[in-house]
Amino acid sequence: MYPSFDSIIENLNAGKTYSFPGGVHPDDKKSLSNKESIATPSIPSLLVIPLRQHIGSDGVCCVEVGDHVLKGQILSQSSSPFSVPVHAPTSGEVVAIAPHVVAHPSGLTEMCISIKPDGKDTWCALEPTTNYTAQDKSDLVARICQAGISGMGGAGFPTHIKTSTSKPVEFLVLNGIECEPYITSDDRLMREHAWQIRQGLDILTHLIEPKAIIVAVEDNKPEALQALNIACQDKAEYRVVSVETKYPAGGEKQLIQVLTGREVPRNGLPADVGVMMFNVGTCYAIADAILHGKPLIERIVTVTGEAVDKPRNFKTMLGTPVSHLLEEAQYNTKKQKTPKVIMGGPMMGFTLSDATIPVVKTTNCLLVPAKKELVDDNAERACIRCSACADACPASLLPQQMFWHAKAKEYDKAEEYDLFDCIECGACAYVCPSEIPLVHYYRQAKSEIRLQRDEKNKAEKAKQRFEARNARLEREKLEREEKHRKAKEARLAANKAKEQVATSEKQTSPAPSDAKDKVAAALARAKAKKASMQANAGEAKNAEPSNAHDTSNTPADDKKAQVAAAIARAKAKKAAQAQKSSEQSEATANNSSADAKDISNAATAPEHVSEQDEKKAKVAAAIARAKAKKAAQQADAPEKTQPQHNKNEGDSTASINADDEKKARIAAAVAKAKAKKAAQQQTSGDDNTNAIKSATASLSNEPKDESAVKPDADDAKKARIAAAVAKAKAKKAAKAELERENKPE
């Protein structure tokens, strides 16, 4: 259980602090550069501003080549919360937007904006805040973000993320330790700008509202400690605390442990133990942004080492090439075997690969060592297993074990020894008698592990995308199959419904129609039979005078008349049936696709057809009577010999045949007209066969002939041939009769 708030305050008031394990006491060499005040170098001929100078994602460039920009003008924007914009350090023209080598141990390139200064150093419009306490806190946080402020102690974490925390904060710590040898930028800043640092601390206190504020300064910086005491003397809740000089006391976790006795958990943050920490340079930049409206476009950089003639601190524009600062500090190449510049201190810094690398927000020092001033990188010898590195480690790790696994590229085993808990302070390498650059191995191993993790994450994401795609395709396939199945079921259901409707209609509607057809056929046959009987009676009546005139010929004449009438009726009936069969077959072929509704209407036609049959019967009866009368007249002619009588009888038969043919043609024409009209009136019925049977029943006298009609193509063809033959025979008989009548007797 870590110490309580009250016990910590009690210890601080008593001047007591805690300690952390390990640590070293190297020669600080700060006196080389902390004697001179902060200088302002000249404006370089070209400024190179990387788009990403912090932990997180870079922004999107919002200017183009050829644009003229003003000092403080924003150059990039991003919607990502872990991103801050960059600004133009001075006025000038954008001459390039391209990759450029940046401040990184690997010497990699990143996207940068190159500006050629115009020498006027013209500011853009600034918007300072006079009374920040009256403004909403979220607005102040947004202004800090838009000012591009990130941690200036070396980590580069976006400041607006830390100030917008939702966790309760007990201690707000201002870090002025600056424990790394040679570096004096924070020391000179606290000496010369203590009041503005205090103003930035006031703003942070307003935003975070901690219970206690601690300003921590190492005891090897008495001037800075005194300046901050004076600046904070009117604030009783501000405690300026002197901390024992021990490297790396300036580390975030180590300083929290020194001041509060609390340890930040592994993979945890200071806020997890109720502490929030800011660098003094970050406090200064916050005051500039809120009170003066200035974005972060410059910082204090220490240029030191025995290879420069005038080591000092410079208030440097971001994007200034390292070579320009070396010229300002009068870099002496003769004091080095090979050119070597370290960005940072001798413990945690890294050697630059190019002198054109620009100064960024996290650059606090440029160390230019002379010959033998630092340990040679090539002096590495074999490990002697002395464990001095383990004793010096402030994180209580086993640097020797991590070194072996990192060198053998056994990264999984190196992680088992908590490789990522290493803060890369360099204390282990400082005490190593074999002069092994342990931190370099750790950095390389961490980089390789991060790359492997990235590749693994990419592969996992690709696998997830592949599986999601396969699942989507399978789902779409099942959906299509289900859709087709439902459509098939719907079609089957629709067809079944249609069949049920047709069946119900067939069961309900045909019965009355069949009954009507049968009744109509019976009526037609009865009427035809009655008409035939009337015709026979009329013929008998007309034959009585002839019988009175010539009693000897009466039986023969009556028999002939009856025979002629029967022949005429039979021929007329046969011709009418043949003609009707032909027409009905044609109608059936042409109307085979008609609706059931049109066929079902045939049930209403029999009555009308029966009336026409009655009329036809009357016409046939009249013709029969005329024929009988004519036969009687021929019987009254002069008596002749038996041969002559036989001849006349044959001639009379021929005449009767001609008349019968003529009557047959008339009857066929009448039947054709009647069948055509009956077919037009057929509008209902269940099928074509019933309609054809109904029409045939109304036209024929014999049920046998009615049922014999078949509406197929062969029967229709035969009917047409029969009608043509009958017509030809009738024509031939009529011609013969005319020739016989015209011949003189």
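The shown structure was predicted, so the numbers you read here are calculated from the model rather than taken from an experiment.

**Structural notes on the overall build of the protein**
Then, in step 1: Across its full length, the protein holds 22 helices and 15 strands.
Then, in step 2: Residues counted as buried form 43% of the 745 residues belonging to the protein.
Then, in step 3: By element, 53% of the accessible surface of the protein is carried by carbon and sulfur atoms, the whole surface being about 38,900 Å².

**Some thoughts on the sheet that holds strand 6 (residues 109–117)**
Then, in step 1: Read across the sheet, four strands follow the order 1-6-5-3 without closing on themselves; strand pairing throughout is antiparallel. Each end of this open sheet is capped by a strand with a single partner; those strands are strand 1 (47–50) and strand 3 (68–69).
Then, in step 2: Bridge count between strand 1 and strand 6: four bridges; the pairing is antiparallel. From the neighbouring strand, Ile49 faces strand 6, where its bridge partner is Ile113.

**Examining the packing of aromatic side chains**
Then, in step 1: For the structure on display, the rule yields three aromatic pairs.
Then, in step 2: Note on Phe5 and Phe171: the rings are 5.1 Å apart at their centroids and 35 degrees apart in plane angle, and the pair reads as tilted. Pair noted here: Phe5 is in helix 1 (residues 5–13) and Phe171 is in strand 7 (residues 171–176), with a separation of 166 residues, a long-range link. Across the pair, Phe171 and Phe5 agree in class, each one buried.

**Points about the pattern of salt bridges**
Then, in step 1: Evaluation of the coordinates by the stated rule reveals 22 salt bridges.
Then, in step 2: Two residues, Lys71 and Asp121, come together in a salt bridge whose shortest N-O distance is 3.0 Å. Placement of Lys71 in the loop between strand 3 and strand 4 (76–77) and of Asp121 in the loop between strand 6 and helix 2 (137–146) is noted, with a sequence separation of 50 residues between them.
Then, in step 3: Note that Glu424 and Arg443 form a salt bridge whose closest N and O atoms lie 2.9 Å from each other. With a gap of 19 residues between them, Glu424 in the loop between helix 12 (411–416) and helix 13 (427–431) and Arg443 in helix 14 (residues 438–508) connect regions that are remote in the sequence. Both residues of the pair, Glu424 and Arg443, count as buried.
Then, in step 4: Linked by salt bridges that have partners in common, Glu170, Lys211 and Arg262 make up one network.

**Description of the packing of helix 5 (residues 194–208) against helix 6 (residues 222–231)**
Then, in step 1: Between helix 5 and helix 6, the least distance of the axes is 9 Å, while the angle of their chain directions is 55 degrees. The angle between helix 5 and helix 6 places the two elements in the oblique class. Regarding helix 5 and helix 6, the two cross each other, and that crossing is right-handed. Counting all contacts with helix 5, which are made through Ala194, Trp195, Ile197 and Arg198, the residues of helix 6 involved are Ala227, Leu228 and Ala231.
Then, in step 2: Broken down by class, the residue content of the contact of helix 5 with helix 6 amounts to six nonpolar, no polar and one charged.

**Re the environment of Ala427**
Then, in step 1: By secondary structure assignment, the location of Ala427 is in helix 13.
Then, in step 2: Put simply, Ala427 and Met348 are 79 residues apart on the chain and 9.2 Å apart in space, counted from C-alpha to C-alpha.
Then, in step 3: In contact with Ala427, not counting residues within four places along its chain, are Val24, Tyr247, Met347 and Ala392.

**As for the pairing of strand 11 (residues 298–304)**
Then, in step 1: The buried fraction of strand 11 is high, at six of seven residues.
Then, in step 2: In this structure, strand 11 lies alongside strand 12 (residues 312–317), joined through six bridges in antiparallel fashion. In the strand pairing of strand 12, Ile300 is matched with Lys315.
Then, in step 3: Sheet topology note: the strand 11/strand 15 (residues 365–367) ladder contains three bridges and is parallel. Bridging across to strand 15, Thr304 finds its partner in Leu367.

**Thoughts on unusual backbone geometry**
Then, in step 1: Cis geometry marks the peptide bond from Tyr247 to Pro248; its omega dihedral reads 0 degrees.
Then, in step 2: Positionally, Pro248 belongs in the loop between strand 9 (238–243) and helix 7 (252–260).
Then, in step 3: Even without being a glycine, Asn267 presents a positive backbone phi close to 60 degrees.
Then, in step 4: Within the element layout of this structure, Asn267 appears in the loop between helix 7 and strand 10 (275–279).
Then, in step 5: A positive phi angle is found at Ser387, which is not glycine, with a value near 65 degrees.

**Thoughts on the nonpolar core**
Then, in step 1: By size, the foremost hydrophobic cluster in this structure holds 44 residues, and its most contacted members are Ile149, Leu172, Ile197, Leu201 and Leu228.
Then, in step 2: When residues no more than four places from it in sequence are discounted, the contact partners of Leu201 are Leu172, Leu174, Ile213, Val215, Tyr238 and Cys283.
Then, in step 3: If you look at the next biggest cluster of nonpolar residues, it comprises 29 residues, including Ile9, Cys179, Val258 and Leu259.

Rules and cut-offs
Residues numbered from 1 in each chain as written. Predicted model: local features only at pLDDT ≥ 70, side-chain atom pairs only at ≥ 80, totals over all residues. Heavy atoms only, no water. Helix = DSSP H or I, 4+ residues; strand = E, 2+ residues; numbered from the N terminus. Buried < 20%, exposed > 50% of the residue type's maximum accessible area, 1.4 Å probe, protein only. Areas by Shrake-Rupley, 256 points an atom, 1.4 Å probe, with all protein chains shown as cover. Pairing = 2+ DSSP bridges. Phe/Tyr/Trp six-rings, centres within 6.5 Å; stacked < 30°, edge-to-face > 60°. Salt bridge = Lys/Arg side-chain N within 4 Å of Asp/Glu carboxyl O. Axes fitted to C-alpha atoms, helices over the stretch in contact; angles between N-to-C directions. Parallel < 35°, antiparallel > 145°, perpendicular 65-115°, else oblique. Left-handed = near helix turned anticlockwise from the far one by under 90°. Contact = heavy atoms within 4.5 Å. Nonpolar A, V, L, I, M, F, W, Y, C, P; charged D, E, K, R; others polar. Core = buried A, V, L, I, M, F, W, Y, C linked by side-chain atoms within 4.5 Å.

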